[in-house]
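What follows is the residue order along each chain.
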Amino acid sequence: QVQLVESGGGLVQPGGSLRLSCVASISTFSTYVMRWYRQAPGKERELVAAITTSDGITNYADSVKGRFTISRDNAKNTVYLQMNSLKPDDTAVYHCNAFRSIPPFVSYWGQGTQVTVSS
């Protein structure tokens, strides 16, 4: 049974920082593209950041470029999202997603971690 467990969310003031972690119980973690999504109340789910498998190429939503950094540690089966200069608009539930890059093309989701940016 594959599990993705996120942690690191919480309440932070505008301008603050948080680091999210997602640990995956996947034996072939390095073959999965890892992504962070977020969903705010009343809004559609948004892709925030993604990182490829072994070469670690990253891409970001325009709304977080220059503020967020995604990284991965394949030895620890973990993906991170460093979030700096947080804004109230970043408030959402953040979900980790693992997408297998080789057949079979399966996808797994974590339960999410709440991030609230408020003074």
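Now for a description of the structure that goes with this document.

About the thresholds
Residues numbered from 1 in each chain as written. Predicted model: local features only at pLDDT ≥ 70, side-chain atom pairs only at ≥ 80, totals over all residues. Heavy atoms only, no water. Phe/Tyr/Trp six-rings, centres within 6.5 Å; stacked < 30°, edge-to-face > 60°. Helix = DSSP H or I, 4+ residues; strand = E, 2+ residues; numbered from the N terminus. Buried < 20%, exposed > 50% of the residue type's maximum accessible area, 1.4 Å probe, protein only. Lys NZ or Arg CZ within 6 Å of the ring centre and 35° of its normal. Disulfide = S-S within 2.5 Å. Lys, Arg positive; Asp, Glu negative; His and termini not counted. Salt bridge = Lys/Arg side-chain N within 4 Å of Asp/Glu carboxyl O. Polar contact = N/O pair within 3.5 Å; in protein donor to acceptor, adjacent residues only side chain to side chain. Contact = heavy atoms within 4.5 Å. Pairing = 2+ DSSP bridges. Axes fitted to C-alpha atoms, helices over the stretch in contact; angles between N-to-C directions.

## Topic: the packing of aromatic side chains
(1) Moving on: All told, the structure shown has three aromatic pairs when counted by the stated rule.
(2) Moving on: Arranged with centres 4.9 Å apart and planes meeting at 50°, the rings of Tyr37 and Trp109 form a pair that is tilted. Residue Tyr37 is found in strand E4 (residues 32-39), and its partner Trp109 is found in strand E10 (residues 107-109); the two are separated by 72 residues along the sequence.
(3) Moving on: For the ring pair Phe99 and Phe105, a centre distance of 6.3 Å and an interplane angle of 10° mean the geometry is stacked.
(4) Moving on: Judged by its relative accessible area of 26%, Phe99 falls in the partly exposed class.
(5) Moving on: What makes Phe105 exposed here is its relative accessible area of 53%.
(6) Moving on: Residue placement shows Arg19 over the ring face of Tyr80; its charged tip is 4.0 Å from the ring centre.

## Considerations on the state of the cysteines
Disulfide: a covalent bond connecting the sulfur atoms of a pair of cysteines.
(1) Moving on: Counted under the stated rule, the structure contains one disulfide.
(2) Moving on: Disulfide pairing is shown between Cys22 and Cys96; the S-S distance is 2.2 Å. Taking the torsion about the sulfur-sulfur bond, which here is approximately -80°, the covalent link between Cys22 and Cys96 counts as left-handed. Placement of the pair is Cys22 in strand E3 (residues 18-24) and Cys96 in strand E9 (residues 92-100), with a sequence separation of 74 residues.

## Remarks on the side chain of Arg72
(1) Moving on: Following the sequence through the fold, Arg72 ends up in strand E7 (residues 68-73).
(2) Moving on: Here Arg72 is buried and forms no salt bridge, its nearest opposite-charge partner Asp55 lying at an N-O distance of 7.4 Å.
(3) Moving on: Polar side-chain contacts of Arg72 include one of 2.9 Å to the backbone oxygen of Phe29.
(4) Moving on: A distance of 2.8 Å separates a polar side-chain atom of Arg72 from the backbone oxygen of Thr52.
(5) Moving on: When sequence neighbours within four positions are dropped, the list of residues in contact with Arg72 reads Phe29, Ser30, Tyr32, Val33, Met34, Ile51, Thr52, Thr53, Thr78 and Val79.

## Quick look at the pattern of salt bridges
(1) Moving on: For the coordinates displayed, the defined rule picks out four salt bridges.
(2) Moving on: Ionic pairing is found between Glu46 and Arg38, a salt bridge with its closest N-O pair at 2.8 Å.
(3) Moving on: On the accessibility criterion, Glu46 (28% relative accessible area) is partly exposed.
(4) Moving on: For Arg38, a relative accessible area of 7% corresponds to the buried category.
(5) Moving on: We note a salt bridge from Asp62 to Lys65, for which the minimum N-O separation is 3.2 Å. Each member of the pair, Asp62 as well as Lys65, is classed as exposed.
(6) Moving on: Three or more residues joined by partner-sharing salt bridges are found here, namely Arg38, Glu46, Arg67 and Asp90.

## A few points about the sheet that holds E3
(1) Moving on: On the basis of which strands lie adjacent, the open sheet formed by four strands has the order E1-E3-E8-E7 and antiparallel pairing. Since the sheet does not close on itself, it has two edges, and those belong to strand E1 (4-7) and E7, each with one partner. Taken pair by pair, the neighbouring strands of this sheet meet at an average axis angle of 15°, ignoring direction.
(2) Moving on: With four bridges connecting them, E1 and E3 associate as antiparallel partners. Within the sheet, the bridge partner assigned to Leu4 lies in E3 and is Ala24.

Nothing here speaks to function; it is geometry throughout.
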